[in-house]
Structures are given as structure tokens and as C-alpha cells.
Amino acid sequence: MSSLYHSTRNMSKSVTSKQAILAGLAADGGLYVSDALTNKNADDPIDLTAICHEDYHGIARTILSRLLSDYSQDEIEHCIEAAYGPHFDTSAITPLVPLGNDWLLELWHGPTCAFKDVALQMLPRLMAVARKDAETADNVMIVCATSGDTGKAALEGFANVEGTGVTVFYPAGGVSDIQHLQMVTQRGENVSVCGINGNFDDAQTQVKRIFSDPMLKERLADEKIVLSSANSINVGRLVPQVVYYFSAYAQLVAAGSINIGDEVEYCVPTGNFGDVLAGYYAKLLGLPVARLIVASNANDVLTEFISTGTYDRRRPFKRTISPSMDILVSSNLERLLYYLSDGDCSYVSQLMARLSTEGSYSVSDDLLKRLKKTFACGKADDDQTRETIRNVWETDHMLLDTHTAVAAHVLSQFQRTPGIARVCLSTANPYKFSADVLKALGSDVSGLDGFGCMDMLHEKTGVPVPPQLFELRDLPKRHLDLCKRDEMSDFVEKSAKRIFS
Ligand SMILES: *Cc1c(COP(=O)(O)O)cnc(C)c1O
């Protein structure tokens, strides 16, 4: 049986997972969801014991087959082999390491040193397979807004993948030195990178508009080009992230920290709500998740939502030292609302309409109660984040990046429940944010550029610098484009024509 997908805002039109992955966003602006996630599990739960004896590839096979059931076993096997190979620096892919009495799930061992690789090494492969199946072998132009990490991971994932192109928009001045260099030095004939005058939310809003522009769609269709998304609204990004929640669990069992069936808590540094939503999917699939703790930085819109039931984006956008979490509109929350309302599309549509016209919405008391059954939340401002980096370095000799430190701070504010292991998701290598990590350790970085900071952080801590970050200093800058928000659509069209002509 195929696990069919439909929009969070409308049940009536079903698509296969291949179609959902090719399209990215549903035509009505909703996100693709599958009811198989909730219905199938009652009679056919994931076999936890079997999972605990599998390696990463094996777990990925089980989860992907379940959620992308129109892909054949061969196709899934091929995608997994290609996505999780030697370009990850450990065969564990997402190793679990001790952090005091808790655990750290390191998700940044891929080619761009951020957790986005786990999904973005897989998505292009899933898309390439889906493209082969589609009746028309149109070229696919990926358009992607990034707060820093997605952009590079998407560029790296899609570079030179046949029949695809990728255009990335980042907030100029809103990403770290190293993140910026990672993007502007990207190799590949099918990539475009452009800075915009605005923040991530501006970029994402404009990208959503580009996707729903019928005229543009038509003009591109004439050239046999379709647009798609690599943001975490794409099903093909979300599903691979479910895998590491299971992998963490299997590693806890292997370490003797828990027995199969014991409950585990996960604390997740959150921006667009993709990562933590994957944890919820894992729970729906039967993973014994006691609680998911949503960790926010000073852009605490989610902390407020989970505490009060009111989502209100009408607040100043704050630039923090954890820029990949500087987000006021967490797109994937829409999927959670769908599942928590038992699939009430018209209710979800109403809430999303209110968000777009009024800038806020409140959920029913019943939905808030269901939300709080699984989700807890907390926040860390920049000072608390720095303090956590320093404390964890001094106490445990572990070097956390600024995003992971937000989660580590939030986790430390919660009482440990006896018998429940706690896993903090570590989303980036600290060298991606060398300057802020150094400042947290008390160093003066004035006058140092990104590489100066990288070298100094290495001297100070002895923690190895990932080679792919070290080598950036020798690479030529290839992408220097900048544009205004209202020029983004033109930029996409020009890139598409250049790449596919
Ligand atoms: C993207 C990102 C996050 C936030 O993940 P979401 O899925 O958007 O919630 C956290 N940390 C880092 C380092 C990231 O790149």
C-alpha cells in the first residue's frame, strides 16, 4: 500500500510521496502530510527490537520504506548508500556521545558540518529517482531560503545532480563569516547564490510567493522547468531526519543506558520546527519518546506558543549568535497542528489564514492540552548561550556550537526524571561559529576574520578543525550576487534559464 500525501489545508487531492517530494509545497500553500503516519501504526508498529539491532543504513531503510512507500526497496537502498557514505566522517553517521549525565547526538558529521546534511544528502537522490518516474522529465529548479546552514547543505547536495539546479537566497550580513564563505565558494555548474536585503523570514516569505506565482510557473513550464523546495517543508527532507531519533535510541540501548521500551527525552534547538517535528514523527511511529523539549533563542515565538497556545509573530526580529534559529515563522508547525487537530484541514487553514492576515493565532484549549502532553519548551538568550558553552567546555571538555548550546542550556533547566535518558541534539560543528564560540570562552577576537578565529579556537582547545572548513581559505569566491527582495523572482528565472539552456 502506498502512503499517500495531501496538503495540510485540503484532503481532497492525494499525491504519492514522489510527487510530494518533487512539488515541495502543495499548490494551496499547505504542507504535504501523510495519514499513514497515524493510521498504519496501530496495526503495524515499527519493530523497536529489530531497529535496535540495525546500523544507520538499516534503520534508514526501515523508516524510509514506511514513509515513502511508493519508492521500491532498490530505489531506497540506492539512495541510502549514496547519501550516507564516506563523505560523512563516521560510519555511525549521527554518533551519540556522553555529555555529563546526558547524551549529545552529533548531527554534523556530513560534508557541510551542520545537521542539514543528514536530510540534504538524501533529498537530491530521492528527487532524482522521482524525476525519472514522472511522466515529463522536466528539469527541477530548487529555490531555497536559508538562515545559513540549509543553503550550503542544499548547494552541496544538489551540485551537479543531473536535471536539477539550485538557487539559494541568504540574508546579506545575517550569516556567519564561515557560512558565507561556504556558500559563495560553492562549485558546480547548476548552482546560484544570492544575498538579499532582509532577514531569513523575508527571504522565506518571498520564496513562498515565488512558488505560488502562476505566471512565473507558466513561463518556466514553457522551458520545461518546474520549481521545487529544499526547505524543511519538503517531505523528502523531513523523513530522513526521523531516522536519527531511532538511531539515538538504538545507540542508547547499545551503550547499556536504557532497555528496549524505556522512554527517552529529546531536547532540540529549534528554528523552522523541522528537526523537532521529525522527533514527533518518530513518536507517532512508535519510538518511546517521553517528551520533546523545544529550545529557542531570543526569538522565542515557539516558547510562547507552547506555553500559552498563542502564536504571535508580531515582534521584533532579533539577530542572535545562533542565526540558524533566528526565525519568527516556523513553517513546519503547520504539520504539527494538522496532526494535533486529528487532521482537521479547515481548522489548520483558518489558523494559517489568521497568521498571514493578522500575524497571530490562538489554538483551542483542547489542542494546547494535547500539545503539552508531548512538548515542553525553554529559551536561552545570547548570554546564557555563551555561559553554557564556557561551562560545558570547562566541566565536560566538550566544545558546543552556539545552537547546540541553546538546547544544552534549556535542558539544564529541566529536572531529570529517574530512569529517563536525555538526548540533546547537536546541530553544528563549533568551527562554523568560531568567533562566537571563542568569545564565549572569554577570548578577544577583535581584528580577527573567520579563519583567524578558527585558528585561535583550535590553538585554545585542540579540537580538530574539519578539513572542509579549513580548506575554505584557499577557494575562490564565485557567487557575489546581491538583490532586493522584489528582485528575487527575476533572479530565479534568470538562473533557471542560464542553468538549463
Ligand atoms: C537549521 C538549524 C537549526 C534549526 O533547525 P529547524 O529544523 O529549522 O528547527 C538548528 N541548528 C542549526 C545549526 C541549524 O542549522
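One structure accompanies this document, and this report is about it. Note that the coordinates shown come from a computational prediction; the quantities given were computed from them, not determined experimentally.

What counts and what doesn't
- Residues numbered from 1 in each chain as written.
- Predicted model: local features only at pLDDT ≥ 70, side-chain atom pairs only at ≥ 80, totals over all residues.
- Heavy atoms only, no water.
- Phe/Tyr/Trp six-rings, centres within 6.5 Å; stacked < 30°, edge-to-face > 60°.
- Helix = DSSP H or I, 4+ residues; strand = E, 2+ residues; numbered from the N terminus.
- Buried < 20%, exposed > 50% of the residue type's maximum accessible area, 1.4 Å probe, protein only.
- 1 Å grid on protein atoms, 1.4 Å probe; cavity = no way out; pocket = protein on both sides within 12 Å on 5 of 7 lines; lining within 4 Å.
- Points joined across faces, edges and corners; volume = space filled by probe spheres on them.
- Nonpolar A, V, L, I, M, F, W, Y, C, P; charged D, E, K, R; others polar.
- Expected span 1.5 Å × (residues − 1).
- Arc of directions from axis to C-beta.
- Contact = heavy atoms within 4.5 Å.
- Polar contact = N/O pair within 3.5 Å; in protein donor to acceptor, adjacent residues only side chain to side chain.
- Salt bridge = Lys/Arg side-chain N within 4 Å of Asp/Glu carboxyl O.
- Near = heavy atom within 4 Å.
- Areas by Shrake-Rupley, 256 points an atom, 1.4 Å probe, with all protein chains shown as cover.
- Sits in = over half its atoms within 2 Å of the grid points.

Take the packing of aromatic side chains next. For the structure shown, the criterion picks out 12 aromatic pairs. For the pair Tyr 280 and Phe 375, a centre-to-centre distance of 5.6 Å together with 40 degrees between the ring planes defines the contact as tilted. On the criterion of sequence distance, the pair formed by Tyr 280 in helix α13 (residues 274-284) and Phe 375 in strand β14 (residues 375-379) is long-range, its members being 95 residues apart. Summarising the burial analysis for this pair, Tyr 280 and Phe 375 share the class buried. Between the aromatic rings of Phe 305 and Tyr 311, the centroid separation amounts to 5.8 Å while the plane-to-plane angle is 65 degrees, which identifies the pairing as edge-to-face.

This part covers empty space enclosed by the protein. The gaps of empty space that remain are located by a probe, the size of a water molecule, rolled over the atoms. Counted according to the given criterion, the structure contains three cavities of 30 Å³ or more. Mapped onto the lining of the largest cavity, the elements with two or more residues apiece are α8 (149-158), α12 (235-254) and α13. Its residues assigned to classes, the lining of the largest cavity comprises eight nonpolar, 13 polar and four charged. A volume near 60 Å³ is recorded for the second largest cavity. Tyr 5, Tyr 32, Val 33, Ser 34, Leu 37, Leu 67, Val 235, Leu 238, Val 239, Tyr 281, Arg 335 and Tyr 339 together form the lining of the second largest cavity. Taken together, the elements giving at least two residues each to the lining of the second largest cavity come down to β3 (32-34), α12 and α15 (333-340). The class makeup of the residues in the lining of the second largest cavity is 10 nonpolar, one polar and one charged.

Taking 1.5 Å as the rise per residue, helix α18 (residues 382-396) with 15 residues should run 21 Å; its terminal C-alpha atoms sit 21 Å apart, in good agreement. Those residues of α18 that sit buried are Asp 382, Thr 385, Thr 388, Ile 389, Val 392 and Trp 393. Along the axis of α18, the buried residues cluster in a sector spanning 125 degrees; they form a single face. Seen from the buried face of α18, the exposed residues on the opposite side, beyond 90 degrees, are Asp 383, Glu 394 and Thr 395. Packing partners of the buried residues in α18 comprise β4 (96-99), α19 (402-412), α20 (434-440) and α21 (450-461). N-cap assignment for α18: the residue whose side-chain oxygen lies 3.1 Å from the backbone N of Asp 383 is Asp 381.

In this fold, Asn 234 is placed in the loop between β9 (225-229) and α12. A polar contact is formed between the side chain of Asn 234 and the backbone oxygen of Ile 21, at a distance of 3.0 Å. Within the structure, Asn 234 has its side chain in polar contact with the backbone nitrogen of Gly 236 (distance 2.8 Å). Setting aside chain neighbours within four positions, we find Asn 234 in contact with Ala 20, Ile 21, Gly 24, Leu 123, Met 127, Ser 228, Ser 229 and Arg 335.

Overall, the coordinates contain 20 salt bridges when judged by the stated rule. When the shortest N-O distance is used, the salt bridge between Asp 133 and Lys 18 registers 2.7 Å. Taken together, the positions of Asp 133 in helix α7 (residues 123-133) and Lys 18 in helix α1 (residues 17-23) put the pair 115 residues apart, joining distant regions of the chain. Via salt bridges that share partners, Asp 300, Glu 304, Arg 315 and Lys 379 belong to a single interconnected network.

Turning next to the site of the ligand. Close to the ligand lie 15 residues, the nearest being Lys 116, Asp 149, Gly 271, Asn 272 and Thr 427. Within the side chain of Thr 427, one N or O atom sits 2.8 Å away from a nitrogen atom of the ligand. Summarising the interface, the protein chains cover 98% of the accessible area of the ligand, which totals 380 Å² for the free molecule. For the ligand, the cavity whose grid points lie within 2 Å of the majority of its atoms is the largest cavity. A class-by-class count of the residues in the shell around the ligand yields five nonpolar, seven polar and three charged.

These values are about where atoms sit, not about what they do.
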